[in-house]
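Residues per chain, in single letters:
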There are 2 protein chains.
Amino acid sequence: MELQQIGLQHPAASLVRDIQNNRTGIPRRTFVAEGLFENNIVLETGVPVETLLWCPDAAYSDEAKKRAAQLADRARRAYQISEKTLARLAERPNPDGLLSVARLPDWDPATFEFGDDALVLVTDALEIPGNLGTLLRTMDACGADCLVMTNRRTRMTHPKVLRSSQGMSIKVPSLDFDDVDDAIDWLKRNRFRVYIADTDDSVNYRELDYRGRTALVVGSERFGVSRPWYDAGFQRVGIPMLGSADSLNVSVSASVLLYEARAHKNGW
Amino acid sequence: MELQQIGLQHPAASLVRDIQNNRTGIPRRTFVAEGLFENNIVLETGVPVETLLWCPDAAYSDEAKKRAAQLADRARRAYQISEKTLARLAERPNPDGLLSVARLPDWDPATFEFGDDALVLVTDALEIPGNLGTLLRTMDACGADCLVMTNRRTRMTHPKVLRSSQGMSIKVPSLDFDDVDDAIDWLKRNRFRVYIADTDDSVNYRELDYRGRTALVVGSERFGVSRPWYDAGFQRVGIPMLGSADSLNVSVSASVLLYEARAHKNGW
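Definitions and cut-offs
Residues numbered from 1 in each chain as written. Chains lettered and ligands numbered in written order. Predicted model: local features only at pLDDT ≥ 70, side-chain atom pairs only at ≥ 80, totals over all residues. Heavy atoms only, no water. Helix = DSSP H or I, 4+ residues; strand = E, 2+ residues; numbered from the N terminus. Rg over C-alpha atoms; globule rule 2.2 N^0.38 Å. Buried < 20%, exposed > 50% of the residue type's maximum accessible area, 1.4 Å probe, protein only. Contact = heavy atoms within 4.5 Å. Buried area = accessible area lost by both parts, 1.4 Å probe. Salt bridge = Lys/Arg side-chain N within 4 Å of Asp/Glu carboxyl O. Polar contact = N/O pair within 3.5 Å; in protein donor to acceptor, adjacent residues only side chain to side chain. Nonpolar A, V, L, I, M, F, W, Y, C, P; charged D, E, K, R; others polar. Least-squares fit on C-alpha atoms with pLDDT ≥ 70 in both. UniProt positions renumbered as here; feature names shortened; annotations may be inferred. Pairing = 2+ DSSP bridges. Axes fitted to C-alpha atoms, helices over the stretch in contact; angles between N-to-C directions. Domains from an automatic or database assignment. Phe/Tyr/Trp six-rings, centres within 6.5 Å; stacked < 30°, edge-to-face > 60°. Patch = residues over 30% accessible without salt bridge, like charges linked within 9 Å, V, L, I, M, F, W, Y side chains within 5 Å. Areas by Shrake-Rupley, 256 points an atom, 1.4 Å probe, with all protein chains shown as cover. Lys, Arg positive; Asp, Glu negative; His and termini not counted. Charge placed at Lys NZ, Arg CZ, Asp CG, Glu CD. Right-handed = clockwise from strand over helix to strand, strands pointing away.

(A) View of the overall build of chain A. The secondary structure content of chain A amounts to 10 helices and 12 strands. Taking 18 Å as the expected radius of gyration for a compact globule of 268 residues, we find that chain A reaches 20 Å, a close match to that expectation. In terms of overall dimensions, chain A has a C-alpha envelope of 65 × 40 × 35 Å along the principal axes. Within chain A, the proportion of its 268 residues that are buried is 57%.

Set out below in structure tokens:
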């Protein structure tokens, strides 16, 4: 494979740095996939690939070479980079010579389809990218249908979301609502039972009815779930807190609830 | 309260910096508590306080002043510091003028006492301080009895453990074994049912017997649970993985298992 060699100053490399540093003004839904694992997900899901940056000198495996060729075929642009440039662009050590710039799919609430037993997680004003990523990893594992984001505070394309989700941010469908009331209307129209994670005045999470379409709402790390969700009159669900801490980490509480719902739905 | 004013170069301030930067050679089990929340736990639990560093100019609340006086009474040494020095020593913004150097309690496996329905978490070679802290927060919340650490890779006094545990690293008892076999003998002698978290050849976590004393073993983020635990012939427990990711974040999987055990024990 013969590719034009570029350096750090080339616009394609600058874009990678801007994305990695979470700068503003990057093209919509654009993220950087590093290494074999993430690029395999890029290939597998068929998401659009804008640019491949390939460093043959830093490739350890035959598989990396094969994937580089496949990515080059799919990419709008493909360049070769030096080991030094790769080291400056990659976030993690040893990305096996592979960096690609790709685009997350767009999912549309108007056309999104659910089964009768769908499981949805709503994150309202979640702030920490690592928590969002950890949740996407759990959502994949428990077979949740999609993520709904309201009062969004972190980008789905943030490098830490991709890393902590182990690439699942590329796979798990996510819908973004500018207005909480639109998300509530949408859930109601789609006949979801909606539960707000909050221990105050709540039903024990083991005793809840998880039949039919279920949506679980978790809030921001500092302030919890925002007012409009409560105003809609949804039931609260609580995980008992038996010690002196007054809350769990949000990715822990959401995961416990998601797996509880899954266990009920699947009859475990 | 009249205290001697010290600066950044004073040994008491240097020690704080060494602990915050996770340097080696700091005194055993010594940690830095910042702000009202953590220092309230220090006061409440009665752990030994070595040093108080108090910055009255940066105190926002009357409670902070009251706690500073109580900490000064309890501390072997107490000093006053400037806002500038506080800013250099504190990890988080606005610690309400309060920094203390305190010591975690020592718990001894030989004398540790359990009820008949005890719940223990074993972390084998866990690497990431944030994961350990998140787990301690869950352990407090679900009323687990103690943490057992084998192949320890991270210090209980690491600032990130304290922060991500929301101070629960001061409260949740933890026992540290140099040798995995000693931990296994100790659990057997204390009549624990031991389950290894591993989806391969496992029993579904919902169907397990959690009666009596229960110990759950989770492993390192990269390599899982080490050989000796398997060689001891313990049952494996699995959380079904329904997607394409092959594992959950370790603090998520351990939390799902801990709450499952608690729900069975408490008849939820």
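(B) Just the interface of chain B and chain A, in detail. Contact residues are listed per partner, giving 33 residues for chain B and 33 residues for chain A. In total, chain B and chain A occlude about 2800 Å² of area from one another, counting both sides; carbon and sulfur atoms represent 58% of this. Its largest share of buried area at the contact with chain A, chain B owes to R137, R206 and W268 of chain B, together 23% of the area lost on that side. In this assembly, chain B and chain A are joined by two salt bridges. Counting across the chain B and chain A interface gives 18 residue pairs in polar contact (both at pLDDT 80 or more). For the side of chain B that touches chain A, the secondary structure elements donating two or more residues are α5 (129-141) and α9 (250-266) of chain B. Take the side of chain B that touches chain A: its biggest share by element is 10 residues, from α9 of chain B. Split by residue class, the side of chain B that touches chain A holds 15 nonpolar, 12 polar and six charged.

(C) Broad picture of the relation of the copies chain B and chain A. With an RMSD of 0.0 Å, the operation that places chain B on chain A is a rotation of 180° combined with a shift of 0.0 Å along the axis. In symmetry terms, the pair is related by a two-fold rotation axis.

(D) How the structure looks around the UniProt feature "domain: MRM3-like substrate binding" (unreviewed entry) in chain A. Under the local residue numbering, the UniProt record ascribes the feature "domain: MRM3-like substrate binding" (unreviewed entry) to residues 28-99 of chain A. Across residues 28-99 of chain A one finds 43% helix and 24% strand; the C-alpha atoms that close the span lie 18 Å apart.

(E) Quick peek at unusual backbone geometry. The backbone of D201 of chain A shows a phi angle near 50°, a positive value even though the residue is not glycine. Tracing the sequence through the fold places D201 of chain A in the loop between β9 (193-197) and β10 (203-204). For A125 of chain B, which is not glycine, the phi dihedral falls at a positive 65°. By the secondary structure assignment, A125 of chain B is in the loop between β6 (119-124) and α5. A relative accessible area of 9% places A125 of chain B in the buried class.

(F) Geometry of the sheet that holds strand β2 (residues 30-34) of chain B. Residues and elements named next belong to chain B. What the five strands build is an open sheet, ordered β1-β4-β3-β5-β2; its pairing is mixed. For this open sheet the edge positions go to β1 (4-5) and β2, each flanked by a neighbour on one side alone. As paired elements, strand β3 (residues 49-54) and strand β5 (residues 98-103) share five bridges and run antiparallel to each other. Considered in β5, the bridge of W54 is made with L98. Of the strands in this sheet, β2, β3 and β5 touch helix α2 (residues 35-45), which is tilted by about 130° from β2.

(G) Looking closely at the domain arrangement of chain A. Residue and element names in this part refer to chain A. Domain parsing of chain A yields domain 1 (4-103) and domain 2 (119-266). With centres defined by C-alpha atoms, the gap from domain 1 to domain 2 works out at 32 Å. With 20 residues of domain 1 at the contact, the number on the domain 2 side is 12 residues. Where domain 1 abuts domain 2, roughly 1300 Å² becomes buried across the two surfaces, and 58% of that area is made up of carbon and sulfur atoms. Scanning the region where domain 1 abuts domain 2 turns up four salt bridges. Between K171 and E44 there is a salt bridge, and its shortest N-O distance comes to 2.7 Å. Put simply, domain 1 and domain 2 have six residue pairs in polar contact (both at pLDDT 80 or more) between them.

(H) Region of the structure containing the packing of aromatic side chains. In total, this model carries 20 aromatic pairs over all chains according to the counting rule given. Ring plane angle 75° and centroid distance 6.4 Å describe the contact between Y205 of chain A and W268 of chain B, whose orientation is recorded as edge-to-face. With Y205 of chain A in the loop between β10 and β11 (214-218) and W268 of chain B in the segment after α9, this pair bridges two chains. On the basis of relative accessible area, Y205 of chain A is assigned to the buried category, the value being 1%. Residue W268 of chain B is classed as partly exposed on the basis of its relative accessible area of 23%.

(I) Local environment of the sheet that holds β9 of chain A. Residue and element names in this part refer to chain A. Read across the open sheet, the seven strands follow the order β8-β7-β6-β11-β9-β12-β10; overall the sheet is parallel. Two strands bound the open sheet, and with one partner strand each, they are β8 (174-177) and β10. Most of the contacts of helix α5 (residues 129-141) go to strand β7 (residues 146-150), to which it runs at about 150°, and overall it touches β6 (119-124) and β7.

(J) Just a negative patch on the surface, in detail. Together, D178, D179, D181, D182 and D185 of chain A line one region of the surface with negative charge. If you trace the backbone, D179 of chain A turns up in the loop between β8 and α8 (180-189).

(K) Examining the pairing of β6 of chain B more closely. Residue and element names in this part refer to chain B. Counting buried positions along β6 gives six out of six residues, so the element sits mostly inside the fold. In β6, alternate side chains face the same way, and those of L119, L121 and T123 on one face and V120, V122 and D124 on the other are all buried. Pairing between β6 and strand β7 (residues 146-150): five bridges, direction parallel. Paired with L121 across the two strands is L147, which belongs to β7. A crossover links β6 with its parallel partner β7, the connecting element being α5, and its sense is right-handed.

(L) The arrangement of the environment of E127 of chain B in detail. Residues and elements named next belong to chain B. The residue E127 is located in the loop between β6 and α5 in this model. The partly exposed category is assigned to E127, whose relative accessible area is 25%. Sequence-distant contacts of E127, defined by excluding residues within four places in its chain, comprise R153, T154, S220, E221, R222 and F223. Here R222 takes part through its side chain, which lies 3.3 Å from a polar atom of the side chain of E127.

(M) View of the UniProt feature "domain: tRNA/rRNA methyltransferase SpoU type" (unreviewed entry) in chain A. When the UniProt feature table is mapped onto this chain, "domain: tRNA/rRNA methyltransferase SpoU type" (unreviewed entry) is found at residues 119-259 of chain A. For residues 119-259 of chain A, the end-to-end C-alpha separation is 10 Å, with 34% helix and 22% strand making up the annotated structure.

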